[in-house]
Amino acid sequence: MQHRDWHTGCGDTPYVEVVARDHPHEVRAKSGYRRVYVSDELDRLYGEYVWRLCEVGADLATDDFDGTCVFVNLDREPRFAPWRPESVYDLVDRLRRELSGQVPQAWSPHWMRHSHATALLLSGVPVHVVSRRLGHVDVQTTLNTYAHVSEDAEMRAVADWKAVTAGWRVGAHRDERIESGS
């Protein structure tokens, strides 16, 4: 992801453009182009991160800051170079050690994606919307991966069927027959 892909809210909903492009470490985006809308809180955190980058000179290290990668080396050489995938996993390993017992031993960056999809589905977001947000080309991929989430929620709803139907009314034609004595 490059800085030009981040679109700050400025009174509207902020979003990130997911763009397929060559990366120096052959990292790729899932599927093609899409917009991923983000919260104002995440937009604020990104703004703070950009300030941090500027404080350490990342904006001066290039002629095209917008075209540079968002996630770069700050503490080791080559400074401001894009993170390698193994750097991400090194960070996760360190966090796993520091948070021992607080995160599962098998925790990985990909769990964030699965947790997000699961939370969206459990909150009632339609599966086709979750599928698009994840960048799945076919909604069936989302269904195959996350069907258990929506099935569990649906089964819980069915278990409380009486509460679901409590507000239903008998059709007007039946009420009219009762009033007329038919």
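See the structure above.
Just so it is clear, the structure is predicted and the values come from calculations on it, not from any experiment.

A. Expanded view of the pattern of salt bridges. Considering all chains together, one arrives at seven salt bridges under this definition. With a closest N to O distance of 2.9 Å, Arg-4 and Asp-64 form a salt bridge. Note that Arg-4 is positioned in the segment before strand 1 (6–7) and Asp-64 in the loop between helix 1 (40–55) and helix 2 (85–98), a separation of 60 residues in sequence. The exposure class of Arg-4 is partly exposed, given its relative accessible area of 39%. Taking the shortest distance from any N to any O, the salt bridge between Glu-41 and Arg-44 comes out at 2.6 Å. Of this pair, Glu-41 and Arg-44 both sit in helix 1, three residues apart, which is roughly one turn of the helix. Its relative accessible area of 41% is what places Arg-44 among the partly exposed residues. Beyond isolated ion pairs, a larger network of salt bridges with shared partners links Glu-41, Arg-44 and Glu-48.

B. The arrangement of the nonpolar core in detail. Counting residues in hydrophobic clusters, the biggest one holds 13 residues, and the most contacted among them are Leu-53 and Val-72. No other element matches the three residues that helix 1 contributes to this core. Each residue touching Leu-53, except ones within four places of it in the same chain, is listed here: His-3, Ala-58, Asp-59, Phe-65, Val-70, Val-72 and Leu-74. Core analysis: the next-biggest nonpolar cluster, separate from the first, contains seven residues, Leu-120, Leu-121, Val-130 and Tyr-146 among them.

C. Structural view of helix 3 (residues 110–122). Taking 1.5 Å of rise per residue, 13 residues should cover 18 Å, and helix 3 covers 19 Å from first to last C-alpha, within 8% of that figure. What helix 3 keeps buried is the set Arg-113, Ala-117, Leu-120 and Leu-121. The buried residues of helix 3 occupy an angular sector of 95° when projected down its axis, which confines them to one face. Downstream of helix 3 by one or two residues, Gly-124 has phi in the positive range, about 95°.

Cut-offs applied
- Per-chain numbering applies: the sequence of each chain, read as written, is numbered from 1 onward.
- In keeping with the model being predicted, local features are shown solely for residues with a pLDDT of at least 70 and side-chain atom pairs are shown and tallied solely at 80 or more, while totals for entire chains, interfaces and linings include all residues.
- Heavy atoms from the whole structure form the basis of all side-chain values; hydrogens and water molecules are not counted.
- Each salt bridge in this description consists of a side-chain nitrogen of Lys or Arg and a carboxyl oxygen of Asp or Glu lying within 4 Å of one another.
- A helix here means a DSSP run of H or I that spans at least four residues, while a strand means a run of E at least two residues long, and both kinds are numbered starting from the N terminus.
- Relative accessibility under 20% of the residue-type maximum defines a buried residue, over 50% an exposed one, and the middle range a partly exposed one, all with a 1.4 Å probe and only protein chains included.
- Residues grouped as a nonpolar core are buried Ala, Val, Leu, Ile, Met, Phe, Trp, Tyr and Cys residues, joined through side-chain atoms within 4.5 Å.
- We call two residues in contact whenever any of their non-hydrogen atoms come within 4.5 Å of each other.
- Helix span is expected to be 1.5 Å times the residue number reduced by one.
- The directions considered for the arc run from the helix axis to the C-beta atoms.

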